[in-house]
Amino acid sequence: VNESRYRCEVSSVKAMTSRSPKFRFSIDRGGTFTDIYAEIPQEPGFVVYKLLSEDPTNYKDAPTEGIRRILEQYTGTAIPRQSRVPSHQIEWIRMGTTVATNALLERKGERTLLLTTKGFRDLLKIGNQTRPRIFDLEIDKPDLLYERVIEVAERVKLLKREPTPDELNSGNFHKGVTGEWIEIEQRPDLSGDLRAKLEQARADGFNSVAVVFLHSYTFSDHEVSVGKLCHDLGFKQVSVSSQLTPMIKIVQRGHTATVDAYLTPLIKKYIEGFVSGFDADFSKNVDVSFMMSDGGLCPMDHFNGYRSILSGPAGGVVGYARTSFDGKQPVIGIDMGGTSTDVSRFDGTFDHVFETQTAGVFVQAPQLAIETVAAGGGSRLFFSNGLFKVGPESAGAHPGPVCYRKNGHLAITDANVLLGRVVPDYFPKIFGPTEDQPLGKDDVVAAFAQLTEEVNAYYRSVHERDVAAGSRPASDKPTQLTADEVAYGFVKVANEAMCRPIRSITEAKGYNVADHVLSVFGGAGPQHACAIARNLGMRTVFVHRYCSILSAYGLGLADIVLEEQEPCAAVYSPDGVADASTRLEKLSEKVKSQLESRGFAADAIEVKKYLNLRYFGTDTQSMTERPENGDYMTSFEASYKREYGFILQNRKVQIDDVRVRGTGKSTSVSSVLWRRRETPGSPNADSITSVYFEDGGRQETPVYLLSQLYAGDVIQGPALIIDKTTTTVVVPGCIASITEFGDIRIDVGLAGGSRKVGTELDPIQLSVFAHRFMSIAEQMGTSLERTAVSTNIKERRDFSCAIFGPDGALVANAPHLPVHLGSMQEAVKWQINNAVDWKDGEVIASNHPAAGGSHLPDITVISPVYKDGKPVFYVASRGHHADIGGISPGSMPPFSTKLVEEGACFKSFKLVEAGVFQEAGITEVLMAPGKVHRERWETPSSGTRNLSDNISDLKAQIAANNKGISLIQELISQHGLDVVQAYMKYIQQTAEAAVRDMLRELSISQGMAEVDSVIAEDFMDNGAAVRLKLTINRLDGSAIFDFTGTDAEIHGNINAPTSVTKSAIIYSLRCMVKGDLPLNQGCLDPITVILPKGSFLDPSDEAAVVGGNVLTSQRVTDVILTAFKAVACSQGCMNNFTFGDETLGYYETIAGGAGAGPSWNGQDAVQVHMTNTRITDAEILEKRYPILLREFSIRWGSGGSGAHTGGNGAVREFEFLKDLTVGILSERRVIAPPGICGGGPALRGRNILINRDGKQVFIGPKAMFRVSKGDRFRIETPGGGGYGPVEK
């Protein structure tokens, strides 16, 4: 393999431009292969070369070896492998590399030390406190990048006023670079304990350090001084967060600094090794640059860790952007690799994002906006719970897919081999244990035969079940598929998986996906291009002649880029813009000077200026480029309206950052013309092969070799066009043509492109529809998150979106908040049965517990989807509103005893009627609690304290529903209502069958009789019992959840509406089903729920319930999972913390310990079970509210002991900067989270008020109290229980 060369014949190409007298190398060093596109001084003008990235028996470095071989071949001068490569004939080398990315994924970077503000040693481990996959009881988070932490006694705090003259004279008050004033509370002591700890770290072998202090984005002096101390003490790599990315949000900035400290030494080492392979004049002779994550090249000595993560994929984005964009029609790029597919968009400007998450760490730096989905050529194929599933597991390079002949796993590549889309005869014989055999088609046929029988056996059992149930006649035949149909089914599911991110970057942002060209690259992409384009209604596919090495080719088209950015905190106003413009000019001059110093002439330098803008009170930033007329606001509003459908009237706009991007236009690779026919003629097929297509089945298909085609040749599908490293599938109805540069342009025939779907169950379509329904719910959630204005919805993500059938039964729920999962359908069903004269286009809002609500702050907005005059689906969005009135700010009163005390309450309110948003009416409803009569000894009640946010968020929920309606209507238009509703039912039946199978398996694994019961109970802190008798009937796979014996309705607020208990049940069942499963009503169909009327799990309509949703739901979940012996009890609480006054309100839930399981330890400081909301970043919190966060850390030692230990809780301590009302609504402060199967209990939580005089007061689980300026409140959350006895 490493000796294979791929280059065109001399006769096939013609250079368009004059050739450089020197060699130019564009190199993409991937994880498996290194691709090289080299321009050479002689004919044919270029060469394409591919070799293994790792081959230590033959060479040390693949790029160096590739350069050596090319120079040796085309100069005719021998260059011995062990000698240093001469550089005098090389003009430039441009490289993209996955060295850093792979080190990050595999956690093989430099040993790193983290220095951070005292009280925040665990902040980066906690992150935003969410768990990655909400249904995984074993919560898995990637390993940390840093190995040791030193807390530094330093602190600054934001000052929300001008300092007095005396304060200025003290030297402790400074204006930060954002214009905000800060007060130095404590300076770092550089000579004492800190120095000693750093010296010890150096002695222990640490060479790399990350420095991350609170508010360093605006005041960096402390970081800089400590960074200098680290340099002085001999640390070789010192990554100071404020110097890398001076942007607010300490978690993202901190992760970025640790990524840089972790990876930069590795990159430097790699570059040093690369340079050492050349002669002594290399740096003088050769211009060497590396691709950064933002799509720009940087000089070799500027390449560092945090901007290298997308170095490899970025080259491909530049490649397709520069070769397939015609200046008018925007392009979607798909890079389909072995394990995943990257999707991006280009419309003449590269789209950048500034906060991303890669391999479990946040990176705060400009990166190309790339969406990744786990569907690649090596993605493994599974059939589980009646569904076809592709990935995320990968077959890898070893053993690889089955066709590699190394006892590998069935993968997408195998499906394409079976279907005839990958032809073994055109592949080199490099497979098998001895790497000298062809692709193993016989092995693939055998493997698919086995899988096909598994699929067919499942559907025979489904048929038998349906016949026995009387739902279908015995004369009907069961669904039975051929191996071709099974293989194509997996291809179809993979295609749909790739369509989801495409919809996300187009439709979800206000673009019409059909208006784009689809540009595909990567080894497997062209095999799937036509089908994906048809799925999305796209009419043109573009396949570059070098599509398999486009990341390398794109490097040759890229420019040198330098960026400078500074934070800002100005209001968008004439003065604010003037100040920002002055700063932009200074940054522009700095960038120009740097580029000029690197040899770029002034006319080769382009500088773009940006303001990072957002509406006050929101977290959605828009990096807005300066328009020609200088009116940033008009551009900002136009972009905001296109993406979200509206602008926020009368709301101020904040300038968060000023940024410049300087580009040095450099020489790029030359375009090369493809050969043309001298006389008219038609292309000749090289061979004929049998290929399976969805439309028409197996067809005899001509195979063409790209190297034998001419510019202007036209090929009618079906056809295969094979280049040396890739195959392009032209499906029937499509027409391919060869462009003047040898690229393939395909006109996609949309009519009759796929087989018509009927109402009979097709297991392939079942999987496709499962993707489509989930995609709709996800896009609704994306719309809501991006258009909402409140912290609760936009930042904490306390919301859910879902689709429901005409009877209100859940069809698909995006993986948002578990506590909403089962309860939302109760709300929809209530409106269907009770709403008056509900017309098409009308929208209903509801929050009453008796109408399917959870607690009053959760407002559900429901819209019908009409077809032919009747509702055929419903969509709904539920969001937690930070305040809806009541007796306490935040509408989470710890001591409420009546529902009326908890805020505005309504069973059914028409939010949109006759096409008009009923703002006056909903305002009256939300302000109504302020008119409730209260006795003089009772706490006064208020209307909502933040009406504008309520109104804005309700409009965002309506917009999310409208998105869902349009997508469902599009699905109905595509397939017909009868088909869509049929598959809705099939998906629900599939979920039902999976739950029944799971119940049977659990019954057997726990040694239960065919019909048998287990009993579990747990207690609330007030002593109220939750009792469950769980009876499983193995004969039919059903279960009875009988809560008889649960205590009566409580004079307090931990009563839980019935919908909350159903949510806990459906969540618990989904957690215990192995593999992926659509979450819907089917999960509950095998379940009978018995809730004693009048208990605190089925209280009266007037009962207070605010704690039932956030506390009792967790206890019910623990009881259910204990009954199944699935996992030990988790923290059993959400730790609801509120503060506010008549002018503001704030609410958050705080992480705790997760319970241990049969084979795993519980996770520390994470959201568990019924919630998964984010925590507000410490710097954002202190910027927006009159509060200081003194500590946010892990409560070490709080997890239960056992064979597997429970996770530790968290510590969160606040200091108040003004007099406020504070509320805490919590549990597990009296009764500890128990372990299971002999595991020990966790520590109980504690709530402690620390008065400013130092006096400590123990606060119980539920309290509302006044605090004064200088008081502190410390919340220590519970841990998780242990599993199994400790081994002696």
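Refer to the structure presented above.
In short, a report on the structure.

Reading guide: rules and limits
Residues numbered from 1 in each chain as written. Predicted model: local features only at pLDDT ≥ 70, side-chain atom pairs only at ≥ 80, totals over all residues. Heavy atoms only, no water. Helix = DSSP H or I, 4+ residues; strand = E, 2+ residues; numbered from the N terminus. Rg over C-alpha atoms; globule rule 2.2 N^0.38 Å. Contact = heavy atoms within 4.5 Å. Axes fitted to C-alpha atoms, helices over the stretch in contact; angles between N-to-C directions. Parallel < 35°, antiparallel > 145°, perpendicular 65-115°, else oblique. Left-handed = near helix turned anticlockwise from the far one by under 90°. Nonpolar A, V, L, I, M, F, W, Y, C, P; charged D, E, K, R; others polar. Phe/Tyr/Trp six-rings, centres within 6.5 Å; stacked < 30°, edge-to-face > 60°. Buried < 20%, exposed > 50% of the residue type's maximum accessible area, 1.4 Å probe, protein only. Lys NZ or Arg CZ within 6 Å of the ring centre and 35° of its normal. Core = buried A, V, L, I, M, F, W, Y, C linked by side-chain atoms within 4.5 Å. Pairing = 2+ DSSP bridges. Salt bridge = Lys/Arg side-chain N within 4 Å of Asp/Glu carboxyl O. Lys, Arg positive; Asp, Glu negative; His and termini not counted. Polar contact = N/O pair within 3.5 Å; in protein donor to acceptor, adjacent residues only side chain to side chain. Expected span 1.5 Å × (residues − 1).

Each helix and strand counted, the chain has 26 helices and 58 strands in total. Computed over C-alpha atoms, the radius of gyration of the chain comes to 32 Å, within 12% of the 33 Å expected from 2.2 N^0.38 for 1288 residues, which places it in the range of a compact globule. Projected onto its principal axes, the C-alpha positions of the chain cover 95 × 95 × 70 Å. The contacts of the chain with a sequence gap of at least 6 include a subset with a gap of at least 24, amounting to 71%.

Further remarks concern the packing of helix α24 (residues 1058-1072) against helix α25 (residues 1106-1123). Their axes nearest at 9 Å, the elements α24 and α25 cross at an angle of 45°. In terms of orientation, α24 and α25 fall into the oblique class. Every pair of crossing elements has a handedness; the one defined by α24 and α25 is right-handed. Contacts between α24 and α25 involve V1060, T1061, A1064, I1065, Y1067, S1068 and M1072 from the first element and G1108, N1109, S1113, V1116, T1117, I1120 and L1121 from the second. For the contact of α24 with α25, a count of residues per class yields eight nonpolar, six polar and no charged.

Further remarks concern the packing of aromatic side chains. Applying the stated criterion to the full structure yields 37 aromatic pairs. Here the aromatic rings of F769 and Y983 are separated by 4.7 Å at their centres, their planes lie at 5°, and the arrangement is stacked. Of this pair, F769 sits in helix α18 (residues 763-787) while Y983 sits in helix α23 (residues 977-1005), and the two are 214 residues apart along the sequence. Of the residues examined, F769 reaches a relative accessible area of 1% and is grouped as buried. The buried category is assigned to Y983, whose relative accessible area is 0%. Taken together, the aromatic side chains of F1137, F1139, Y1146, Y1185, F1214, F1216, F1265 and F1273 make up a single cluster linked through ring pairs. Just above the ring of F206 sits the side chain of R111; from NZ or CZ to the centre is 4.3 Å. The ring centre of Y610 lies 4.5 Å from the NZ or CZ of R659, which sits over that ring.

Here we take up the nonpolar core. By size, the foremost hydrophobic cluster in this structure holds 175 residues, and its most contacted members are F448, L518, F773 and F873. Top element by residues in this core is helix α13 (residues 483-505). It accounts for twelve residues. Beyond its immediate chain neighbours, meaning those up to four positions away, F448 contacts L381, L410, D414, A415, L418, A483, V486, A487 and F490. Counting 91 residues, the second largest nonpolar core, distinct from the first, contains F120, I1187, F1273 and I1275.

Further remarks concern the sheet that holds strand β50 (residues 1136-1140). One open sheet holds the four strands; their spatial order is β51-β50-β54-β57, and the pairing between them is antiparallel. The open sheet has two edge strands with one neighbour each: β51 (1145-1149) and β57 (1262-1267). The average angle at which neighbouring strand axes cross in this sheet is 15°, direction not considered. Strand contacts of α25: β50, β51, β54 (1220-1225) and β57, with the helix running at about 45° to β54, the strand carrying the most contacts.

Where charged atoms from two side chains of opposite charge approach closely, those side chains can pair. For the coordinates displayed, the defined rule picks out 76 salt bridges. Between R797 and E785 there is a salt bridge, with its nearest N and O atoms 2.9 Å apart. Remark: E785 occurs in helix α18 and R797 occurs in the loop between α19 (791-794) and β39 (799-804); sequence separation between them is twelve residues. Residues joined in a network through salt bridges with shared partners are K157, E183, E185, R1190, E1191, R1195, E1213, E1215, R1246, R1272, R1274 and E1276.

Take the pairing of strand β17 (residues 341-346) next. In summary, the side chains of a regular strand alternate between the two faces of the sheet. Among the six residues that make up β17, six are buried, leaving the element largely enclosed by the rest of the structure. Burial of the side chains of β17 extends over both faces: T341, V343 and R345 are buried on one face and D342, S344 and F346 on the other. One ladder, built from six bridges, connects strand β16 (residues 331-336) with β17; its direction is antiparallel. When the bridges of β17 are listed, D335 appears paired with D342. Taking the residues between adjacent antiparallel strands as the criterion, β16 and β17 are bridged by four residues.

With that out of the way, let us pick up the side chain of D61. Of note, D61 is situated in the loop between β5 (46-52) and α1 (62-75). For the buried D61, which has no salt bridge, the nearest side chain bearing the opposite charge is R29, at an N-O separation of 4.4 Å. Looking at D61, its side chain comes within polar contact range of the side chain of Y270, at 3.0 Å. Once residues within four sequence positions are removed from consideration, D61 is found in contact with R29, Y270 and F274.

Structurally, the position occupied by T258 is in helix α8 (residues 250-275). For T258, the side chain forms a polar contact with the main-chain oxygen of H255, separated by 2.8 Å. Residues within four places of T258 in sequence aside, it is in contact with L114, L124, L145, Y146 and A210.

Turning next to the environment of V916. Within the fold, V916 resides in strand β45 (residues 916-917). A C-alpha to C-alpha distance of 8.7 Å links V916 and E842, two positions 74 residues apart in sequence.

Looking along the chain, the bond that leaves G717 and enters P718 is cis, with omega of 10°. Position of P718 among the secondary structure elements: in the loop between β34 (714-716) and β35 (719-722). In this model, H1169 sits at a positive phi of 50°, which is unusual for a non-glycine residue. Under the relative-accessibility criterion, H1169 is labelled buried at 5%.

Its 29 residues give helix α12 (residues 441-469) an end-to-end C-alpha distance of 42 Å, which sits within 8% of 42 Å, the value for a rise of 1.5 Å per residue. Among the residues of α12, those classed as buried are V444, A447, F448, L451, T452, V455, N456, Y458, Y459, V462, H463 and D466. Looking at the buried residues of α12, the elements they touch are β23 (379-384), β24 (387-394), α11 (412-418), α13, α18 and α23. Directly beyond the C-terminal end of α12, a positive phi value near 80° is found at G470.

A sheet is described by the order of its strands in space; here four strands give the open sequence β8-β7-β12-β13, paired in parallel fashion. Lying at the two open borders of the sheet, with one neighbouring strand each, are β8 (148-152) and β13 (237-240). For this sheet, the mean inter-axis angle between neighbouring strands, taken without regard to orientation, is 20°. Lying over the sheet, helix α5 (residues 193-203) contacts β7 (112-117) and β8, oriented at roughly 165° with respect to β8. On the sheet, α8 packs against β7, β12 (208-212) and β13 and is oriented at approximately 160° with respect to β12.

Let us look at the environment of V607. You can see V607 is positioned in strand β28 (residues 605-615). Separated by 57 residues in sequence, V607 and G664 place their C-alpha atoms 8.9 Å apart. Apart from residues lying up to four places away in sequence, V607 is in contact with S588, K592, V660, R661 and G662.

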